[in-house]
Amino acid sequence: MSNFSSTDYNIEIENEEKSNNKILLHLDIDYFFAQVEILKQPELKGKPVIIGHERARENKRGVVLTCNYPAREFGIHSGQPMRDALMKCPDATIIGSNYSEYREYSNTIMKILREFNTPMRKASIDEAYLDITSLAKNYEEAENLAIKIKEDIMEKTQLTVSIGIGPTLKIAKMGSDYKKPDGISVFAPDNLDSLFDGLALKKIPGIGKKTAERLSQMGYVTCDQLRVMKYEEIVRVLGKSGKYYYEVLQGKSTNSILPRGPRKSISNSKTFHGSPGDVNRSLEIFDKLFEESYTILLNEKFKTKTIGVRIRYNGFETITRAVSIAHYVDDKDVLYDKAKELILPYLSDRRGIRLLGVGFYNLKSLEKDQLKLEDFYQESDYVNSYELLDEFISEKSDNKKTEVVKMKDLSDFD
Ligand code: TTP
Ligand code: MG
Ligand code: MG
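Description of the structure in this document. (Residues numbered from 1 in each chain as written. Chains lettered and ligands numbered in written order. Predicted model: local features only at pLDDT ≥ 70, side-chain atom pairs only at ≥ 80, totals over all residues.)

1. Let's talk about the site of ligand 1
Formally: Defining nearness, a residue is near a molecule or strand when the C-beta atom obtained from its backbone falls within 6 Å of it. Under the scheme used here, helices are H or I runs from DSSP no shorter than 4 residues and strands are E runs no shorter than 2 residues, and both carry numbers assigned from the N terminus. Where each domain begins and ends is defined by an automated method or by a domain database.
Every one of the 14 residues lining ligand 1 counts as a neighbour, but Phe32, Phe33, Leu65, Thr66 and Ser78 are closest to it. Of all the secondary-structure elements, those providing two or more residues to the shell around ligand 1 are β2 (24-29) and α1 (32-40). Each of domain 1 (24-30 + 102-195) and domain 2 (32-99) accounts for three or more of the residues forming the shell around ligand 1.

Below you can see the structure in the form of structure tokens.
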């Protein structure tokens, strides 16, 4: 086994760009459920309002779903038991939730955003990300766009939202929280100090209460304290998750808003330094790779129509072969026979093998609720290279019983 390098499981590669040249926007509706209710009862404006179980005053049941900002001044917040909230502010108005109305407002706002015709991801009922790189030449234009978005939303819904703009999703998200409610915050890559200086570590999205507490015990309370640390140092302090905080704080975290779409392929490959050995040994490894891909196919309840293999020799010549069959199958023997038939002629090459791979393309889900998943992904403008690959395969293989095609660009294969 000594000639193995690390296994590279190329299962769903996300081609995440880590450069800082994008302009991303995050929008979050202010005190959403409460704001909608106050639109219906304007006399409540300026008074503390809690969305939660209407009869909580009598039965002390349930938690605060959200509350307006006057209620927050009493120390009330989402997730708090109603009993505690009412102790803090006995006079607050409690309103039961009306989800279908909130959903309608949410849909209206998402539609406004979608109409900008730029990549978008809805992140929750009241949040969305937009990649505005193609709409704004610089951060000044980005800010003007944010003003326009807020005006559009106000005109169509009467609701205020907060917007953050930055080079990564996390910075944009932290930005929308920075000047809530009714705020716009813009953090260009060369201006991240103004976001992080003095900002509480607990404002980093995803930082757990426990981590924040542990850090605080060690004397770390604000982002700038961690931001000056080198990568190695932050990992020493925080363990594995140090990488996440390092990237967020350095403005190097993800800037691709494209969500993972429904799976388009399953593939698996292994790289060798030297060679796996003789044909039998190579075949053994190939079998193992096949087995792993096949397990995923089964577990995720897919059938497939196209089997692909890839081999790379020392000297880097790479050969890719795929075969399509007439029907979608998940029969192990059928798939394995095809895969083996494809790879076998290439295993005895004298040059020595650098990489072996096997995968399935043209997948069909057996899950009945797949439709729901597709619907969900339709919410975003979503493109990826798999689609091109799929097009390529179906173009070559549709309506033909069995055909071997050479795929020049199986870019998700390694
Ligand atoms: P948030 O955006 O977290 O909160 P918010 O919009 O009420 O307030 P903010 O001004 O700070 O953005 O959540 C959006 C809605 O989701 C919120 O109005 C109610 C609902 N929600 C719950 O039902 N339970 C919860 O624990 C949270 C956090 C939110
Ligand atoms: Mg909100
Ligand atoms: Mg939110």
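2. A look at the packing of helix α13 (residues 279-299) against helix α14 (residues 332-343)
Just so we agree on the cut-off: A fitted line through C-alpha atoms serves as each axis, taken over the contacting stretch for helices, and the angle formed by two N-to-C directions is quoted from 0 to 180°. For classification purposes, an angle smaller than 35 degrees is called roughly parallel, one larger than 145 roughly antiparallel, one from 65 to 115 roughly perpendicular, and anything else oblique. Crossing handedness is read from the near helix: turned anticlockwise from the far helix by less than a right angle, it gives a left-handed crossing, and turned clockwise, a right-handed one. It is the C-beta atoms, placed from the backbone, that decide contacts: two residues are in contact if theirs lie within 7 Å. By the convention adopted, Pro, Cys, Tyr, Trp, Phe, Met, Ile, Leu, Val and Ala count as nonpolar, Lys, Arg, Asp and Glu as charged, and the other residues, Gly among them, as polar.
Contact geometry for α13 and α14: axes closest at 11 Å, N-to-C directions at 140 degrees. The angle between the axes of α13 and α14 places the two elements in the oblique class. Handedness of the α13/α14 crossing: right-handed. Packed against α13, whose contacting residues are Phe286, Phe290 and Tyr294, the element α14 presents Lys332, Leu335, Tyr336, Ala339 and Ile343 at the interface. Grouping the amino acids of the contact of α13 with α14 by side-chain chemistry returns 7 nonpolar, no polar and 1 charged.

3. Re the nonpolar core
The condition is simple: To form a nonpolar core, buried Ala, Val, Leu, Ile, Met, Phe, Trp, Tyr and Cys residues must be joined through C-beta atoms within 7 Å. Counts of 20 or more other C-beta atoms within 10 Å of a residue's own C-beta define buried residues, counts of 12 or fewer define exposed ones, and intermediate counts define partly exposed ones; C-beta atoms are placed from the backbone.
Residues Leu25, Ile50, Cys67, Tyr129 and Ile165 are the most contacted members of the largest nonpolar core, which totals 68 residues. Apart from the residues lying within four places of it in its own chain, the contact partners of Tyr129 are Leu24, Leu25, His26, Met120, Arg121, Ala123, Leu169, Ala172 and Ile257.

4. Quick look at the sheet that holds strand β3 (residues 49-51)
Threshold: One bridge is not enough; two strands pair if DSSP finds at least two bridges between them.
Strand order in the open sheet made by the 3 strands is β4-β3-β5, with mixed pairing throughout. Bordering the open sheet on either side are β4 (66-67) and β5 (93-95), each of which pairs with just one other strand. Bridge count for β3 against β4 is 2 bridges, and the pairing is antiparallel. Bridge assignment links Ile51 to a residue of β4, and that residue is Thr66. Each of β3, β4 and β5 touches α1; the most contacted strand, β3, lies at about 120 degrees to it.

5. A short note on the pairing of strand β11 (residues 302-313)
The buried fraction of β11 amounts to 10 of the 12 residues, a majority that puts the element mostly inside the structure. Where β11 meets strand β12 (residues 318-329), 8 bridges bridge the pair, whose relative direction is antiparallel. Looking at β12, one finds that Arg312 is bridged to Thr318. Hairpin geometry of β11 and β12 is characterised by an intervening segment of 4 residues between the two adjacent antiparallel strands and by a positive phi of about 100 degrees at Gly315.

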